[in-house]
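Fold and geometry: a report
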Amino acid sequence: MLTAIVGINWGDEGKGRMVDLLSKDYDVVCRYQGGNNAGHTVINDSGKFILNLLPSGILRPEVVNIMGNGMVIDIEHLYGEMEKLKASGIKITPDNLKISDRAIICLPYHVKQDVLEEERLKDMKFGSTRRGIAPVYGDKYLKKGIRLGDLFNKESLKSQVEQIVEWKNLLIAGGYKSVPFKGEDIYNWILKYGTCLEEYITDTGIYLNKAIKEGKKIMFEAQLGALRDIDFGIYPYTSSSSTIAAYAPIGTGIPGKKLTNTIGIMKAYSSCVGEGPFTSEMFGEEAEALREAGGEYGAATGRPRRVGPFDVVASKYGVTVQGADDLALTKLDVMSYMKKVPVVTGYNVNGNITTEFPVGEDLNNATPVIEYVDGWNCDISSCRKQSDLPEAALNYIKYIEEKVGCPIKYVSVGADREAYLIMEN
Ligand code: GDP
Ligand code: MG
């Protein structure tokens, strides 16, 4: 079984939490795109963990974790993340963590470029996490990237770094008029954090293809959600990588046809970090109440997240783009304070009501059509089976399921590992 676990919305749907839960049935968990702009929160018996780069399977000692070729890796950050986890007793060895030799290193000048560009844009900024992600993916496609496997040939790495830094300074110093980077400093930085990672670096594609032959169960953990995908998301307010299930094989080096199923993680309401159209957005007291109830502050950056009601139009689109077979509906408990639950059931685009997610100027002009359904207005956080749920909560789940056209299999009612239930029908 090869399963992709992906975000249906804008990210922060609770993927980390669901991967941690579902990975008990898998042998291998892979991250296949993105970098330390991810923030996946996992709460279990050992404590609370926020994972930026490591796959969420790292908290289960028997699971092998892969950081795939599609990722961009800030090795200083990775080193810090590994040290922190090891200090809290989590086992990390070359047996349970394998890093692709083809993954690209996110370097200090990528972070600098990200910050310089956001500052230059001022009010027009994208709301980048400022972790260098767009610049490093840009360099990958310009073929100016440095890969983790390059660490194995120090002589050629050194001259490669010299040449690329000279090129990068045309922009950093020449364009932005900032302090130029020194090739030697970048090289030393790579050695400082890369050398201790060497034992983890390998051809993870070979490992995975062998694992498939051996019948191992493999899970692919996506970062962000469908609406942040570089192709299908709200461009240019997207991430710089493919957040969709179809990229999992490419970002790890297995044949596309091997993927067997996709589980979409969908939040019971909407939240988004950064700029760009967010049609369902609520403001004022109403937004504040939902933000507080859901603890909607970024795991990677601490920024308050924008919030709104569940958006049928955006979520149905997310389900289609991801090709989800089943859904996990998360954070349903957060809405327990509402007497009436708002749902965005359509968009008004220049006077026309639609349920198809629009693109470009039509999306900029869209305003939400809101319907209200009955709230359950009681604590559901201790419900562990479908029959424990109040009728109004069940109705809300069924209502959403029908609107997005995909079965909801799991419902999460709390951040803890065991706070979930499986829908029986
Ligand atoms: P990810 O980026 O998709 O992994 O999600 P994040 O970790 O950024 O955000 C999800 C947040 O919601 C985290 O703080 C989780 O601990 C928390 N969480 C996940 N599922 C639930 C749930 O069902 N109920 C509640 N109350 N919190 C949840
Ligand atoms: Mg997150």
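Owing to the predicted nature of the structure, the values given are computational and were not obtained by experimental measurement.

The next subject is the overall build of the protein. A count of helices and strands for the protein gives 11 helices and 20 strands. For a compact globule of 425 residues, the expected C-alpha radius of gyration is about 22 Å, and the protein comes in at 22 Å, within 12% of that figure. With the principal axes as the frame, the protein shows a C-alpha extent of 65 × 50 × 40 Å. Out of the 425 residues in the protein, the part that is buried amounts to 56%. Of the contacts formed within the protein by residues at least 6 apart in sequence, a portion of 76% connects residues at least 24 apart. Computed over 49 positive and 56 negative side-chain charges, the inter-centroid distance for the protein is 4 Å.

So, about the site of ligand 1. Around ligand 1, a shell composed of 19 residues is seen, among which Lys15, Gly39, Thr41, Asp333 and Ser412 lie nearest. Ser412 places a polar side-chain atom, nitrogen or oxygen, 2.5 Å from an oxygen atom of ligand 1. Within the backbone of Gly414, a nitrogen or oxygen atom sits 3.1 Å from an oxygen atom of ligand 1. In isolation ligand 1 offers 590 Å² of accessible surface; the protein chains occlude 90% of this area. Within the residue set of the shell around ligand 1, elements represented by two or more residues are helix H1 (15–22) and strand E3 (40–44). For the shell around ligand 1, a count of residues per class yields 5 nonpolar, 7 polar and 7 charged.

Looking now at the domain arrangement of the protein. Here the protein is partitioned into domain 1 (2–102 + 201–263), domain 2 (104–196) and domain 3 (266–422). Placing a centre on the C-alpha atoms of domain 2 and another on those of domain 3 gives a separation of 38 Å. Each side of the interface is counted separately: domain 2 has 6 residues, and domain 3 has 5 residues. At the boundary of domain 2 with domain 3, total buried surface from both sides reaches about 390 Å², with 43% on carbon and sulfur atoms. If you sort the residues of domain 2 by the area they bury against domain 3, Gly127, Thr129 and Arg131 come out on top, with a joint share of 66%. Here domain 2 is connected to domain 3 by 1 salt bridge. Linking domain 2 with domain 3 are 2 residue pairs in polar contact (both at pLDDT 80 or more), by the criterion used here. Of the residues assigned to the side of domain 2 that touches domain 3, the class counts are 1 nonpolar, 3 polar and 2 charged.

With the rule as written, the count across this model stands at 9 aromatic pairs. Each ring, one from Trp10 and one from Phe278, has its centre 4.9 Å from the other, and the planes form 85°; the classification is edge-to-face. Residue Trp10 is found in the loop between strand E1 (2–7) and H1, and its partner Phe278 is found in the loop between strand E12 (270–272) and helix H8 (284–294); the two are separated by 268 residues along the sequence. Owing to a relative accessible area of 4%, Trp10 belongs among the buried residues under this scheme. You can call Phe278 buried: its relative accessible area is 6%. Ring centres of Tyr317 and Phe357 lie 4.9 Å apart, and the angle between their planes is 25°; on these two criteria the pair is classed as stacked. Placement of the pair is Tyr317 in helix H9 (residues 312–322) and Phe357 in the loop between strand E17 (352–354) and helix H10 (361–365), with a sequence separation of 40 residues. In this structure Phe357 comes out as buried when scored by relative accessible area, which is 15%. One aromatic cluster in this structure is built from Tyr79, Trp189 and Tyr193. Between Lys144 and the ring centre of Trp167, over which it is positioned, the NZ or CZ distance is 5.1 Å.

It is worth spelling out the coordination of the magnesium ion (ligand 2) at this point. At 2.0 to 2.2 Å from the magnesium ion (ligand 2) lie its protein donor atoms, namely Asp12 (OD) and Gly39 (O). Taken together, the residues Asp12 in the loop between E1 and H1 and Gly39 in the loop between strand E2 (28–31) and E3 connect sequence positions 27 residues apart. Of the residues examined, Gly39 reaches a relative accessible area of 14% and is grouped as buried.

By secondary structure assignment, the location of Ile397 is in helix H11 (residues 391–404). Distance from Ile397 to Thr279, taken between C-alpha atoms, is 22 Å for residues 118 residues apart in sequence. Those residues in contact with Ile397 that sit more than four places away from it in its chain are Leu329, Leu332, Leu389, Ile408, Val411 and Met423.

Of note, Thr330 is situated in strand E15 (residues 326–330). The class of Thr330 is buried, set by a relative accessible area of 1%. Between the alpha carbons of Thr330 and Val411 there is a distance of 5.8 Å; along the sequence they are 81 residues apart. Not counting residues within four places of it along the chain, the set of residues in contact with Thr330 comprises Glu13, Met18, Ile265, Met266, Lys267, Ala268 and Ser412.

What counts and how
Residues numbered from 1 in each chain as written. Chains lettered and ligands numbered in written order. Predicted model: local features only at pLDDT ≥ 70, side-chain atom pairs only at ≥ 80, totals over all residues. Heavy atoms only, no water. Helix = DSSP H or I, 4+ residues; strand = E, 2+ residues; numbered from the N terminus. Rg over C-alpha atoms; globule rule 2.2 N^0.38 Å. Buried < 20%, exposed > 50% of the residue type's maximum accessible area, 1.4 Å probe, protein only. Contact = heavy atoms within 4.5 Å. Lys, Arg positive; Asp, Glu negative; His and termini not counted. Charge placed at Lys NZ, Arg CZ, Asp CG, Glu CD. Near = heavy atom within 4 Å. Polar contact = N/O pair within 3.5 Å; in protein donor to acceptor, adjacent residues only side chain to side chain. Areas by Shrake-Rupley, 256 points an atom, 1.4 Å probe, with all protein chains shown as cover. Nonpolar A, V, L, I, M, F, W, Y, C, P; charged D, E, K, R; others polar. Domains from an automatic or database assignment. Buried area = accessible area lost by both parts, 1.4 Å probe. Salt bridge = Lys/Arg side-chain N within 4 Å of Asp/Glu carboxyl O. Phe/Tyr/Trp six-rings, centres within 6.5 Å; stacked < 30°, edge-to-face > 60°. Lys NZ or Arg CZ within 6 Å of the ring centre and 35° of its normal. Donors = N, O, S within 2.8 Å, 3.2 Å for Na, K, Ca; no water.

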